[in-house]
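# Working through the structure, step by step
Residues per chain, in single letters:
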Amino acid sequence: MSTLAHTTMTAARPADSGLAGSGELDRYPYPDAAGAERGSAPAWDGSDTEIGRVGRRAAGNRGRGLHGQLVQQLGQMIVSGDLGADRPLVPEEIGQRFEVSRTVVRESLRVLEAKGLVSARPNVGTRVRPVSDWNLLDPDIIEWRAFGPQRDDQRRELCELRWTIEPLAARLAAGHGREEVQQRLADMVEIMGHALAQADTLTYSRADAEFHALLLQVGGNRMLEHLAGIVSSALHVSGGPAIGCDRPGEAGVGHHRRIVEAVGAGDGTAAETAMRQLLTVHPEVERVVPAPREH
């Protein structure tokens, strides 16, 4: 199947297609060069620095300004263990240390409480909660763990999570074949192949994230769809897929392409098998999951 230019594909997608809103990649459209042939190598405008930032901004809901910065600082300190479990958090002391108002402190602690990192009780105050209480599927916590001392555990757990849900998502997506879905998946594979040739890991990771999120969104299972943002965040952290289960390589691009072909053919078994093969490209995964079985 020939790959349409990204901007043309996006514009042609029906408004009522049922797909989620524009993906992150829509922020970096293909250049519309006059006379360019269909299927030419895609490229994004914008600096690499900006591309790297977008993934992290999309990863969570910290907000911006002093409030967002304080949530980031305190969240990283808690996840890294600098603020241990049951450690009291005194708003006045936090305000003085970080030179922010009590309102900013109060709002930041509310965000951290919603993530399960702290608890606030009358006559007890605000205290750090144990890891067992954290919302480990929160995109911000995924990011903080990925950059902290728990990064190895985070990598293993993300691989195990993806191995559990993504083969099923691929199977279900094959049962809901729609031309616009297959076209968008094919475009992501083309972008990944071009990025690999250019050694552009940031672009590769963004296309990779949209590919996997789309598979989770189109299978008709709303619980799996809810996990799409988590998988995208997992692939975005560190600016590339190294935190996930696959690294840029010809084998990985080939497995992505086979998933697209299986989805287009409505072959759920082949789609599931190709996804399992993709997720075992990374040598570390052999210690986590069994080798894929042919069905």
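Residues numbered from 1 in each chain as written. Predicted model: local features only at pLDDT ≥ 70, side-chain atom pairs only at ≥ 80, totals over all residues. Heavy atoms only, no water.

### A short note on the environment of Gly 264
Assignment of secondary structure puts Gly 264 in helix 12 (residues 250–265). In this structure the C-alpha to C-alpha distance between Gly 264 and Gln 183, which are 81 residues apart in sequence, comes to 9.1 Å. (Helix = DSSP H or I, 4+ residues; strand = E, 2+ residues; numbered from the N terminus.)

### Some points on the sheet that holds strand 2 (residues 118–121)
Read across the sheet, three strands follow the order 1-3-2 without closing on themselves; strand pairing throughout is antiparallel. If you trace the sheet from one side to the other, it starts and ends with strand 1 (88–89) and strand 2, each paired once. Pairing of strand 1 with strand 3 (residues 125–128), which is carried by two bridges, proceeds in the antiparallel orientation. Looking at strand 3, one finds that Pro 88 is bridged to Arg 127. Running over the sheet, helix 5 (residues 102–114) touches strand 1, strand 2 and strand 3 and is turned about 115 degrees from strand 2. (Pairing = 2+ DSSP bridges. Contact = heavy atoms within 4.5 Å. Axes fitted to C-alpha atoms, helices over the stretch in contact; angles between N-to-C directions.)

### Brief notes about the pairing of strand 3
Examined bridge by bridge, strand 2 and strand 3 share four bridges and lie antiparallel to one another. Counted as the bridge partner of Arg 121 is Gly 125 from strand 3. Counting the residues that bridge the hairpin from strand 2 to strand 3 gives three residues, and of these Asn 123 lies at a positive phi of roughly 65 degrees.

### A closer look at the nonpolar core
Ranked by internal contacts, the top residues of the largest apolar core, which has 28 residues, are Leu 185, Phe 211, Leu 215, Ile 259, Val 263 and Met 275. When residues no more than four places from it in sequence are discounted, the contact partners of Phe 211 are Leu 185, Met 188, Val 189, His 256, Ile 259 and Val 260. Counting 21 residues, the second largest nonpolar core, distinct from the first, contains Leu 83, Ile 94, Val 111 and Trp 134. (Core = buried A, V, L, I, M, F, W, Y, C linked by side-chain atoms within 4.5 Å. Buried < 20%, exposed > 50% of the residue type's maximum accessible area, 1.4 Å probe, protein only.)

### Considerations on the packing of aromatic side chains
Inspection of the entire model under this criterion finds zero aromatic pairs. Note that Arg 276 overlies the ring of Trp 163, its terminal NZ or CZ placed 4.8 Å from the centroid. (Phe/Tyr/Trp six-rings, centres within 6.5 Å; stacked < 30°, edge-to-face > 60°. Lys NZ or Arg CZ within 6 Å of the ring centre and 35° of its normal.)

### Concerning helix 8 (residues 179–197)
Between its terminal C-alpha atoms helix 8 stretches 27 Å, which fits the 27 Å expected from 19 residues at 1.5 Å a residue. Positive backbone phi, at 55 degrees, marks Ala 199, one or two positions downstream of helix 8. (Expected span 1.5 Å × (residues − 1).)

### As for the packing of helix 4 (residues 91–98) against helix 5
For the pair helix 4 and helix 5, the least separation of the axes is 9 Å and the interaxial angle reads 115 degrees. The orientation of helix 4 with respect to helix 5, classified from their angle, is roughly perpendicular. Helix 4 and helix 5 meet at a crossing whose hand is right-handed. Along the contact surface, helix 4 presents Pro 91, Glu 92, Ile 94 and Gly 95, while helix 5 presents Arg 102, Val 105 and Leu 109. When its residues are assigned to classes, the contact of helix 4 with helix 5 shows four nonpolar, one polar and two charged. (Parallel < 35°, antiparallel > 145°, perpendicular 65-115°, else oblique. Left-handed = near helix turned anticlockwise from the far one by under 90°. Nonpolar A, V, L, I, M, F, W, Y, C, P; charged D, E, K, R; others polar.)

### Some thoughts on the confidence of the model for the protein
On average, residues of the protein score 74 in pLDDT, and 68% of them are at 70 or above. The least confident element of the protein, judged by mean pLDDT, is helix 2 (residues 48–59) at 31; the most confident is helix 5 at 95. In this model residues 1–61 is a low-confidence stretch, pLDDT under 50, and it forms 105 contacts with partners more than four residues away in sequence or in other chains. Long-range and interchain partners of residues 238–244, a stretch whose pLDDT sits below 50, account for 27 contacts in this model, where long-range means more than four residues apart. (pLDDT = per-residue confidence, 0-100.)

### Remarks on the packing of helix 7 (residues 151–174) against helix 13 (residues 268–279)
Running from N to C, helix 7 and helix 13 point in directions that differ by 150 degrees, and their axes come no closer than 7 Å. With respect to their mutual orientation, helix 7 and helix 13 come out roughly antiparallel. At the point where helix 7 passes helix 13, the crossing takes the right-handed sense. Contact residues: helix 7 offers Arg 162, Trp 163, Glu 166, Pro 167, Ala 170, Arg 171 and Ala 174, while helix 13 offers Gly 268, Thr 269, Ala 271, Glu 272, Met 275, Arg 276 and Leu 279. Counted by class, the contact of helix 7 with helix 13 contains seven nonpolar, two polar and five charged residues.

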